[in-house]
Protein chains: 2
Amino acid sequence: MSYLDKITSPTLLLNEQICRKNIESMAAKAQNQGKELVPHFKTAQSQLIGDWCKEYGIRQLTVSSIKMAAYFCNKGWNNIHIAFPFNPLESSQLNTLAKSQRISVQLINENVTQKLADTLEHEVGFFIEIDAGYGRTGVEVSDFGLIEAILLTAKKTDNLKFQGFYLHPGHTYYTADKQQIYKESIAALSMLKNKYSTEYPELKTRVGDTPGCAVVEDFGDVDQIGPGNFVFYDMMQVQLGSCQKEDVAVALAVPVVDIKKERKEILVHGGGVHLAKDVLMEPNGEKNFGEVVLLNDQGWTIPSSRSFLKSISQEHGIVKASDELLNTIKVGDLIGILPIHSCMTADCMKSYLKLDGEWADHVEGA
Amino acid sequence: MSYLDKITSPTLLLNEQICRKNIESMAAKAQNQGKELVPHFKTAQSQLIGDWCKEYGIRQLTVSSIKMAAYFCNKGWNNIHIAFPFNPLESSQLNTLAKSQRISVQLINENVTQKLADTLEHEVGFFIEIDAGYGRTGVEVSDFGLIEAILLTAKKTDNLKFQGFYLHPGHTYYTADKQQIYKESIAALSMLKNKYSTEYPELKTRVGDTPGCAVVEDFGDVDQIGPGNFVFYDMMQVQLGSCQKEDVAVALAVPVVDIKKERKEILVHGGGVHLAKDVLMEPNGEKNFGEVVLLNDQGWTIPSSRSFLKSISQEHGIVKASDELLNTIKVGDLIGILPIHSCMTADCMKSYLKLDGEWADHVEGA
């Protein structure tokens, strides 16, 4: 029986072979440079894929919420880092996790550091998040006053252990010259390492996002890299030059419910609640919510002429179809959609169907 | 104990009083014109809110997937209509539901009608979806050939019962003159009713979307109206003129994790996985992913100076904050966000916290 026989409604397919190749390739890149790969699991959110990572020597991971940390807690990870500025309302949950799991949080202000110092009952590590130009979050790299204040406040308790500096240069998503961004990011981390390594000889520096880690070949003296999306990649990463379409490891299988040949449109059950609403712009100004692939018993193939989702609403998707696709597909068939943003699609779908017909897990709930 | 004491992470709040007022008001409008209100439950996806609807005389509802139909099956509804072109891969699930629940589907082509005729084991109603200008899906209003073909094919089985014509004029979301769209939509349905009512004297016509149903006062000879979003409304509906901010019945409570006073920014835990990525444009070109309200033990208030989410990523939200907000809020507090698109936010969050501290249900899974 083919995995396809299990599908009657929108279903997220996971190609294990491609996913493993992506993990292996990033792990090899890290190893070749003597860096530790600490993947961000906001993308996969899956224990099974976590187990695959362990096979490639990965021993720590990063998550983006305490709920996600709880999901990976006590599953054999040396450390779980929550790469989101710590939310002091979750101190009690953090204490619970830290009883049995080595865990670290991210700090960016004195206020939360003090709250943590006041409430922690178990040892927890922390990274100071550094902003070296992205502007979303973190301590500005030159704000030594704030860095010192956080370190000083943390010293009030033995339960808070400084682990190092974390830098997410997310502006690689919006800037062509990713090498330059990494030069600046690595220089910032290097400067901080030099400044603080006398007092904290064990401190680590971590940099990482997929567009950068995919193309940068020299990470300087950074200790760890932390990309997330690379396990699956997606059409946004294809557009950014991080990968090829052949490297995308997930596709949403969607049922075809109507075909309008004269308009060259195919209506599918697959919309914003399945794919999320991330969008790319075509050169002619059209929107692209995902690219069509052809499904078969072994997985999917990329057709020679492109078709893509030109519009979506909550459950509807309209494919702008090539003649090749119109001649191949009929109502009642399934087609595949390579997502624009696989992290968001996986978070919408909450599970994966592998090509062997078995399901892979994903963190549940919001 | 306040409902606020239950919240440590992003949580979707539901104000029952506002929600009931929205339902009551739309039900009264329908009743005053002798129309039946058949709300689209893709927005609320909640049995509890379904029960509230029953208190205002609502006896039928609409859903957008068979999964959602299953959720409301055998809960006392006279009919559940699945307002999505029927997906023939789900024939077996449809047969299961139709054993015990009066149900109707939407048909737009001969092919699927034939497949249904071949596989149905129980009686199921159907609406033919009509496209009178929106262009997303449906039979073009002048395509009598296709309408006749669907009706003729359906006659091959006693299990398919024609119920009428369904029209979703979704272009009201993109067009200022909603009255004109409704004039055209109502005229189209009226023409079809006249043409087919001799053969099908029981046929009903249904029109409805929230921007139209909120502002149109004369629905002509249409039998039923079918808006969905009106139970909650949202900032998109405020912008469209369907409602006031005071009518929005849901708000996402988000923890404040950092404040950058000099930039007038507040960092919250609340991003695309909670709100979805629907966006409005501010007059100055800035993006707006949701508007800030101030939470209190009784619910929320709309501040006199506006603050809004100017950017979001997977879990992060950055509020462009007014001075008033910056002077009121501190790290560790909760603030509320009125969503841009409440249907998508509710679908992300999968549950509601009411202001009495009790939880309301939502369909689970993708």
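Residues numbered from 1 in each chain as written. Chains lettered and ligands numbered in written order. Predicted model: local features only at pLDDT ≥ 70, side-chain atom pairs only at ≥ 80, totals over all residues. Heavy atoms only, no water.

Within an unreviewed UniProt entry, the label attached to chain A reads Amidophosphoribosyltransferase, and the organism entered is Arthrospiribacter ruber.

Visitor: How would you sum up the pairing of strand S9 (residues 204–207) of chain B? Please name residues and give values.
Guide: Residue and element names in this part refer to chain B. Summarising the sheet, strand S8 (residues 160–167) and S9 pair through four bridges and their orientation is parallel. When the sheet's bridge partners are listed, Tyr-166 is paired in S9 with Arg-206. Bridge count for S9 against strand S10 (residues 224–225) is two bridges, and the pairing is parallel. Across the sheet, residue Val-207 finds its bridge partner in S10, namely Ile-225. (Pairing = 2+ DSSP bridges. Helix = DSSP H or I, 4+ residues; strand = E, 2+ residues; numbered from the N terminus.)

Visitor: Break down the relation of the copies chain A and chain B for me, with residues and values.
Guide: Mapping chain A onto chain B is achieved by rotating through 180° and translating by 0.0 Å along the same axis, at an RMSD of 0.0 Å. One copy is carried onto the other by what is essentially a two-fold rotation axis. Considering only C-alpha atoms, the residue of chain A closest to the rotation axis is Lys-277 of chain A, which sits at 3.0 Å. With an isologous cut-off of 70% or more, the 100% of interface residues of chain A that recur at the interface of chain B puts this contact in the isologous class. (Least-squares fit on C-alpha atoms with pLDDT ≥ 70 in both. Contact = heavy atoms within 4.5 Å.)

Visitor: Outline the packing of aromatic side chains, supporting the account with residue identities and numerical values.
Guide: Scanning the model with the defined rule gives 20 aromatic pairs over all chains in all. Residues Phe-41 of chain B and Phe-72 of chain B carry aromatic rings whose centres are separated by 5.5 Å and whose planes lie at 85° to one another, so their mutual orientation is edge-to-face. Taken together, the positions of Phe-41 of chain B in the loop between strand S2 (36–37) and helix H2 (47–55) and Phe-72 of chain B in helix H3 (residues 66–72) put the pair 31 residues apart, joining distant regions of the chain. On the accessibility criterion, Phe-72 of chain B (0% relative accessible area) is buried. Ring geometry for Tyr-71 of chain B against Phe-72 of chain B: centres 5.4 Å apart, planes inclined by 85°, an arrangement best described as edge-to-face. Pairwise contacts between aromatic rings join Phe-126, Phe-162, Phe-165, Tyr-196 and Tyr-200 of chain A into one cluster. Its end group placed over the ring of Phe-144 of chain A, Lys-195 of chain A keeps NZ or CZ at 4.7 Å from the ring centre. Taking the ring centre of Trp-77 of chain B as reference, the NZ or CZ of Lys-54 of chain B above it sits at 4.7 Å. (Phe/Tyr/Trp six-rings, centres within 6.5 Å; stacked < 30°, edge-to-face > 60°. Buried < 20%, exposed > 50% of the residue type's maximum accessible area, 1.4 Å probe, protein only. Lys NZ or Arg CZ within 6 Å of the ring centre and 35° of its normal.)

Visitor: Before we move on, could you go through the packing of helix H6 (residues 144–154) of chain B against helix H7 (residues 178–196) of chain B and cite the residues and values that matter?
Guide: All names here are of chain B. In contact at an axis separation of 13 Å, H6 and H7 are set at 50° when each is read in the N-to-C sense. For the element pair H6 / H7, the angle class is oblique. H7 is crossed by H6, and the crossing has right-handed handedness. Residue-level inspection shows Phe-144, Ile-147, Glu-148 and Leu-151 of H6 in contact with H7, the latter providing Met-191, Leu-192, Lys-195 and Tyr-196. When grouped by side-chain class, the residues that make up the contact of H6 with H7 number six nonpolar, no polar and two charged. (Axes fitted to C-alpha atoms, helices over the stretch in contact; angles between N-to-C directions. Parallel < 35°, antiparallel > 145°, perpendicular 65-115°, else oblique. Left-handed = near helix turned anticlockwise from the far one by under 90°. Nonpolar A, V, L, I, M, F, W, Y, C, P; charged D, E, K, R; others polar.)

Visitor: Tell me about the interface of chain A and chain B, and please be specific about residues and values.
Guide: Each side of the interface is counted separately: chain A has 55 residues, and chain B has 55 residues. Around 4500 Å² of area is buried between chain A and chain B when both sides are counted, 56% of it from carbon and sulfur atoms. The largest contributions to the chain A side of the interface with chain B come from Phe-84, Arg-136 and Gln-314 of chain A, which together make up 14% of the buried area. Applying the counting criterion to the chain A and chain B interface returns six salt bridges. At the junction of chain A and chain B, the tally comes to 24 residue pairs in polar contact (both at pLDDT 80 or more). Contributions of two or more residues to the side of chain A that touches chain B are made by strand S4 (79–85), helix H5 (110–119), strand S11 (250–260), strand S12 (265–269), helix H10 (272–275), strand S18 (316–320) and helix H12 (342–349) of chain A. Considering each element in turn, the side of chain A that touches chain B owes the most residues, five residues, to H12 of chain A. The class makeup of the residues in the side of chain A that touches chain B is 22 nonpolar, 19 polar and 14 charged. (Buried area = accessible area lost by both parts, 1.4 Å probe. Salt bridge = Lys/Arg side-chain N within 4 Å of Asp/Glu carboxyl O. Polar contact = N/O pair within 3.5 Å; in protein donor to acceptor, adjacent residues only side chain to side chain.)

Visitor: An account of the domain arrangement of chain A is needed here, citing residue identities and associated values.
Guide: All names here are of chain A. Under the domain assignment, chain A is made up of domain 1 (3–12 + 243–360) and domain 2 (16–232). Spacing between the C-alpha centres of domain 1 and domain 2 amounts to 33 Å. Taken together, the 14 residues of domain 1 in the interface contact 16 residues of domain 2. Surface buried jointly by domain 1 and domain 2 totals about 1100 Å² across both partners, of which 54% is contributed by carbon and sulfur atoms. Among the residues of domain 1 in contact with domain 2, Ala-249, Cys-343 and Tyr-352 are the three that bury the most area, contributing 38% of the side total. Viewed at the interface, domain 2 and domain 1 are joined by two salt bridges. Between Asp-247 and Lys-21 there is a salt bridge, with the nearest N and O atoms lying 3.2 Å from each other. (Domains from an automatic or database assignment.)

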